[in-house]
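So the chains spell out like this:
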Amino acid sequence: MDEDFLRMEKSVAVIHSSVAELLSKTTEFLQPNPAYRAKLSMLNTVSRIRGQGRSTGYPQTEGMLGECMLQYGKELGPASEFGGALAGAGDALQQVAQARDALDVNVKRTFIDPLQDLHNTELKEIRYQLKKLNGRRLDFDYKKRRKGKVPAEEVRQAWDKFITSKELAERSMFILLQDDVDRLSRLAALVSALLDFHRNAHRILLGLHGNLQARLTAASNKPERRFRPRKIRVRSEHNGSIGFYHPPSLTSAASSGEQFTVLPSRPGSPISCYADSKLVLDQPCCRALYSFHPNHEGELGFIEGDVVVLARQVDANWYEGSLGGRSGLFPVSYVDVLVPLPLP
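Residues take numbers from 1 onward in each chain, read along the sequence in its written order. Local features in a predicted model are, by the rule used here, given only for residues with pLDDT of at least 70; side-chain atom pairs are given and counted only at 80 or more, and totals for whole chains, interfaces and linings are based on all residues. Hydrogens and water molecules were not included; the side-chain quantities draw on all heavy atoms of the structure.

- If you check an unreviewed UniProt entry, the protein chain appears there as Endophilin-A3-like protein from Lates japonicus.
- UniProt positions are given in the numbering used here, feature names are shortened, and annotations may be inferred rather than shown by experiment. Per its UniProt entry, the protein chain bears the Sequence similarities (unreviewed entry) comment "Belongs to the endophilin family."

What follows is the structure in C-alpha cells.
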C-alpha cells in the first residue's frame, strides 16, 4: 500500500473510534445514571416490539427535586412564606427539567442520530471494503508466490480484484475525510443545544432568585408577632374544681407556691409546646437547650429545660438574664429564644 493510502486508513480508524466513543459519552452526559439508561433501553425496546412507538423519558434530577419541593410547599399552604417559596422553587426546577428534556431531544436529533448514521453506513462500508481489500491482497500474494504452479490468468484476475477493491476503499476514505463540514456542523449543533439549555436555565433560575429575594424582603419587613397564650383548662389540686386558668407572669409564677395540674391543651394550640412550663411568655425569655455550669464570676448557671428571663444581648455570643432571683451572663448557643428581645 502507498503512503497516502496508509495515512487515510489510519485517519479513518481514528474517526471510527471517535464516533463510537462520542456516541457513548454523549448519551452518558445526557443520562448520567447507568441503571436508568438500561431500564429506559429495555422499556423502549419493549414498546417498539409491541408497536406502541412511545419512548419513556429520562427522569431528570431537577424535576425530581422540584416535585419534592412542590409537594411540601402545597402541604404547608399559601399562608406559609416558606411553603410558597418552596412551591415557587419546585415549579422553577421543573421548568429546568423540561428544558433539559428539550436538550436531550435536540442533541439526539442534531448530534447523536447523525453520528449513529455515519457509524452505521459510511464507516461500516469502509471497514467492510478494507476487510475485503485485505483478503484480496492475501489472495494475490499467495498466488504470486506460487507463480508457475498457478495459472497466470488466475494471478492476473487476483491482481485486478485487488486493484478494484483498493480503488473503492481509497475513494470512500477520501470522500469521508474531505467531508469535515458536515461533522463540524454536527459539533456546532451540540454546542448550540447546550447554549440554549443553559440560557433557558439561567433565565428560569434568575426569575426564581428575584422571587425569593422579594419574599425574603417581605418576610423581613413583617411586624414582629409576640406570643399570646390562650386560656388553659386546669384542675386545682386543692378542691378539684375545673376552670380557666390565666397563667401568671414569669416573676410571679416563680415566687408563687400555688400548684396546678395542666390539662392537655387542644391539638395545634400554640400553648401546647410550652404547657409544661406553667408560665406566660409575655416578656423576653428563652429555654435552656443544655445545662450550663458557670466557669467565671458573673455567669448564670442553669439546667436543661429552665426558662430564663432575658435582660439584654451583650454581644453575638452572650446573653444577660435572670433565673430564680439570680442573674448573670450565659452563652447564646445554649438556649432557644421563646420571646425575643425588643428591637433597639
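## Details of the overall build of the protein chain
Here is step 1 of the chain: To qualify as a helix, a DSSP run of H or I must reach at least 4 residues; to qualify as a strand, a run of E must reach at least 2; elements of each kind are numbered from the N terminus. Counting secondary structure elements, the protein chain contains eight helices and eight strands.
Here is step 2 of the chain: Note on contacts: a residue pair is in contact if any heavy atoms of the two residues lie within 4.5 Å. The long-range share in the protein chain, meaning contacts at least 24 apart out of those at least 6 apart in sequence, stands at 61%.
Here is step 3 of the chain: Accessible surface is estimated by sampling points in the Shrake-Rupley manner with a 1.4 Å probe; for residues, cover comes only from the protein chains shown. Working note: accessible area of the protein chain is about 22500 Å², and carbon and sulfur atoms make up 55% of it.

## As for the sheet that holds strand S7 (residues 326–331)
Within a sheet, neighbouring strands are paired by backbone hydrogen bonds and run either parallel or antiparallel to one another.
Here is step 1 of the chain: Whether two strands pair depends on DSSP finding at least two bridges between them. In space, the five strands of this open sheet follow the order S7-S6-S5-S4-S8, with antiparallel pairing throughout. Because the sheet does not close on itself, it has two edges, and the strands there are S7 and strand S8 (335–339). The sheet shows a mean angle of 40° between the axes of neighbouring strands, taken without regard to direction.
Here is step 2 of the chain: Direction of pairing for strand S4 (residues 285–288) relative to S8: antiparallel, over a ladder of four bridges. Within S8, the position partnered with Cys286 by the bridge is Val337. As a rule, the C-alpha atoms of each element are fitted with a line to give its axis, helices using only the stretch in contact, and angles between N-to-C directions run from 0 to 180 degrees.

## Some details on the packing of helix H1 (residues 3–30) against helix H4 (residues 81–120)
Here is step 1 of the chain: The N-to-C vectors of H1 and H4 enclose an angle of 165°; their axes lie 10 Å apart at closest approach. In this view, H1 runs roughly antiparallel relative to H4, as classed from their interaxial angle. Between H1 and H4 lies a crossing whose hand is left-handed. For the pair H1 and H4, contact is made by His16, Val19, Ala20, Leu22, Leu23, Thr26, Thr27, Phe29 and Leu30 and by Arg100, Leu103, Asp104, Val107, Phe111, Ile112, Leu115, Gln116, Leu118 and His119, respectively.
Here is step 2 of the chain: Residue polarity follows a fixed list, in which Ala, Val, Leu, Ile, Met, Phe, Trp, Tyr, Cys and Pro are nonpolar, Asp, Glu, Lys and Arg are charged, and the others, Gly among them, are polar. Taken together, the residues that form the contact of H1 with H4 break down as twelve nonpolar, five polar and two charged. To sort the angles, those under 35 degrees are grouped as roughly parallel, those over 145 as roughly antiparallel, those from 65 to 115 as roughly perpendicular, and the leftovers as oblique. By convention, the crossing between two helices is left-handed when the near helix turns anticlockwise from the far helix through less than a right angle, and right-handed when the turn is clockwise.

## Digging into the pairing of strand S6 (residues 318–323)
Here is step 1 of the chain: Summary of the burial criterion: residues with accessible area below 20% of their type's maximum are buried, those above 50% are exposed, and those between are partly exposed, where the area comes from a 1.4 Å probe applied to protein chains only. Where burial is concerned, the two faces of S6 differ: the one with Tyr319, Gly321 and Leu323 is buried and the one with Trp318, Glu320 and Ser322 is not.
Here is step 2 of the chain: Pairing of strand S5 (residues 307–313) with S6 involves four bridges; the strand directions are antiparallel. For Arg312, the partnering residue across the bridge sits in S6 and is Glu320.
Here is step 3 of the chain: From the end of S5 to the start of S6, which pair antiparallel, there are four residues.
Here is step 4 of the chain: Sheet topology places S6 next to S7; six bridges connect them, and they run antiparallel. Bridge pairing in S7 places Ser322 opposite Ser327.
Here is step 5 of the chain: Hairpin connection between S6 and S7: a loop of two residues separates the two successive antiparallel strands, and Gly324 in this loop has a positive phi of roughly 60°.

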